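Summary of structural features
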Amino acid sequence: MRPVIGLIPLFDDEKDSYWMLPGYMKVIEKCMGLPIMLPLTTEKAELDEAYALCDGILFTGGHDVSPSVYNEDKKSTCGATCESRDIMEEYLLKKCIEDNKPLFGICRGIQFLNAALGGTLYQDLPTEYDSQVEHHMSPPYDRAAHKVEVLENTVLSDILGAGIHEVNSYHHQAVKELSPKVEGLAISEDGLIEAIAVKNHRFAIGVQWHPEFSFENNEESVKLVKAFVDECQKGRSNKI
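Okay, so let's go over this structure. (Residues numbered from 1 in each chain as written. Predicted model: local features only at pLDDT ≥ 70, side-chain atom pairs only at ≥ 80, totals over all residues. Heavy atoms only, no water.)

**Description of the overall build of the chain**
For the record, the criterion: Working definition: helices are DSSP H or I runs of at least four residues, strands are E runs of at least two. Numbering for both runs from the N terminus. For this measure, only C-alpha atoms enter the radius of gyration; the expected value for a globule follows 2.2 Å times N^0.38, where N is the number of residues. Think of it in three bands: with a 1.4 Å probe and only protein chains considered, a residue is buried below 20% of the maximum accessible area for its type, exposed above 50%, and partly exposed in between. In this description, contact between two residues means that some pair of their heavy atoms is separated by no more than 4.5 Å.
Helix and strand counts for the chain stand at eight helices and 13 strands. The C-alpha atoms of the chain give 17 Å as radius of gyration, which agrees with the globular expectation for 240 residues (18 Å, within 12%). Projected onto its principal axes, the C-alpha positions of the chain cover 50 × 35 × 35 Å. Considering the chain as a whole, with its 240 residues, one finds that 53% of them fall into the buried category. Here the analysis covers contacts within the chain between residues at least 6 apart in sequence; of these, 69% occur between residues at least 24 apart.

**Describing the sheet that holds strand β5 (residues 56-59)**
Our working definition: What makes two strands pair is DSSP finding at least two bridges between them. All axes here are fitted lines through C-alpha atoms, helices being fitted over the stretch that makes contact, and every angle between N-to-C directions spans 0 to 180 degrees.
An order of β4-β1-β5-β6-β13-β12-β11-β8-β9 is seen for the nine strands of this open sheet, with the pairing classed as mixed. The open sheet has two edge strands, β4 (34-37) and β9 (163-167), and neither has a second partner. Adjacent strand axes in the sheet meet at a mean angle of 25 degrees, parallel and antiparallel pairs treated alike.

**Some points on helix α2 (residues 44-53)**
Spelled out, the test is: This arc is built from the directions going out from the helix axis to the C-beta atoms.
Along α2, the positions that sit buried rather than exposed are Leu47, Ala50 and Tyr51. In an axial view of α2, the angular spread of the buried residues amounts to 100 degrees, which keeps them on one side of the axis. Summarising the geometry of α2, the exposed residues directed more than 90 degrees from the buried face are Ala45, Glu49, Ala52 and Leu53.

**A few points about the nonpolar core**
So the rule is basically this: To qualify as a nonpolar core, a set must consist of buried Ala, Val, Leu, Ile, Met, Phe, Trp, Tyr and Cys residues joined through side-chain atoms within 4.5 Å.
Ranked by size, the top nonpolar core spans 33 residues in total, and within it Ile28, Leu58, Phe104, Leu156, Ile205, Val207 and Trp209 carry the most contacts. Ranked by the residues each element gives to this core, the list is headed by helix α8 (residues 219-239), at seven residues. Aside from chain neighbours lying at most four places away, what touches Val207 is Phe104, Gly105, Ile106, Cys107, Ile110, Glu194, Ala195 and Leu224. Counting residues in each nonpolar core, the second largest holds 32 residues, with Leu40, Cys54, Leu92 and Leu121 among its members.

**Description of the side chain of Glu231**
Counting through the fold element by element, Glu231 comes out in helix α8. The exposure class assigned to Glu231 is buried, which follows from its relative accessible area of 15%.

**What to know about the pattern of salt bridges**
Pairing between side chains of opposite charge can happen when the charged atoms of each approach one another. For the record, the criterion: Take a side-chain nitrogen of Lys or Arg and a carboxyl oxygen of Asp or Glu: if they are within 4 Å of each other, that pair is a salt bridge.
Applying the stated rule across the entire model yields eight salt bridges. Note that Glu89 and Arg85 form a salt bridge whose closest N and O atoms lie 3.2 Å from each other. Placement of the pair is Glu89 and Arg85 together in helix α3 (residues 83-99), with a separation of four residues, close to one helical turn. The buried category is assigned to Arg85, whose relative accessible area is 1%.

**As for the packing of aromatic side chains**
To keep it simple, the criterion reads: Two rings from Phe, Tyr or Trp (for Trp, the six-membered ring) form a pair when their centres sit within 6.5 Å of each other. Planes less than 30 degrees apart are called stacked, planes more than 60 degrees apart edge-to-face, and all others tilted. For a lysine, the NZ atom is tested; for an arginine, the CZ atom; a charge sits over a ring if that atom is within 6 Å of the ring centre and within 35 degrees of the ring normal.
For the structure on display, the rule yields six aromatic pairs. Their ring planes at 55 degrees and their centres at 6.0 Å tell us that Phe11 and Tyr18 sit as a pair that is tilted. Members of the aromatic cluster, each reached through a chain of ring pairs, are Phe104, Phe203 and Phe228. Against the face of Tyr51 rests Lys101, its NZ or CZ located 3.7 Å from the ring centre.

Below you can see the structure in the form of structure tokens.
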């Protein structure tokens, strides 16, 4: 049996609809996981049932994280937020940490992990962080936009190897102050934190780049997601 990976749904404000980028599902399928899109709800009983079905949770990209999550006022440069998603993710994140269940965050995912655990975010990089590095690339998104340094002796160096790696990039918010509950795993060439892990957790990693866009021609993107799916598989095997 393949491990079941619960994906946080994306929400379209204009169409009032849930949706999902196929890359999130396809890369999990490629890595021998079974992806399912979760309902967007704040009902704890419903979330508990959905969570129980999953061997791991993928915190996807999407809306900006509400500054209220990290106790700041919203600036005019902050983008659209989704309160129900913030509530849902905070609940699921807490459960994953309590149960030591694998989780993986992409783009908004790394930002939410850091913010919900006591860190802060840049609400808008172009107006708050002086850099010439391209963090909001134009399509196609399956190519390198800038470089990151994966730090030695980290869980990410075990997966990808320490040193310089090229990544794609599509974001206007980013980790500012690290939560005391996480450690930095990778840094961009202009000094931004590009990957984190929750301390003392079997697998709780967030990355700022987008393996769901680049997995078809980037071996490292596959390695990263496969490490997550493999850890979820261990949990499923232990339940059988």
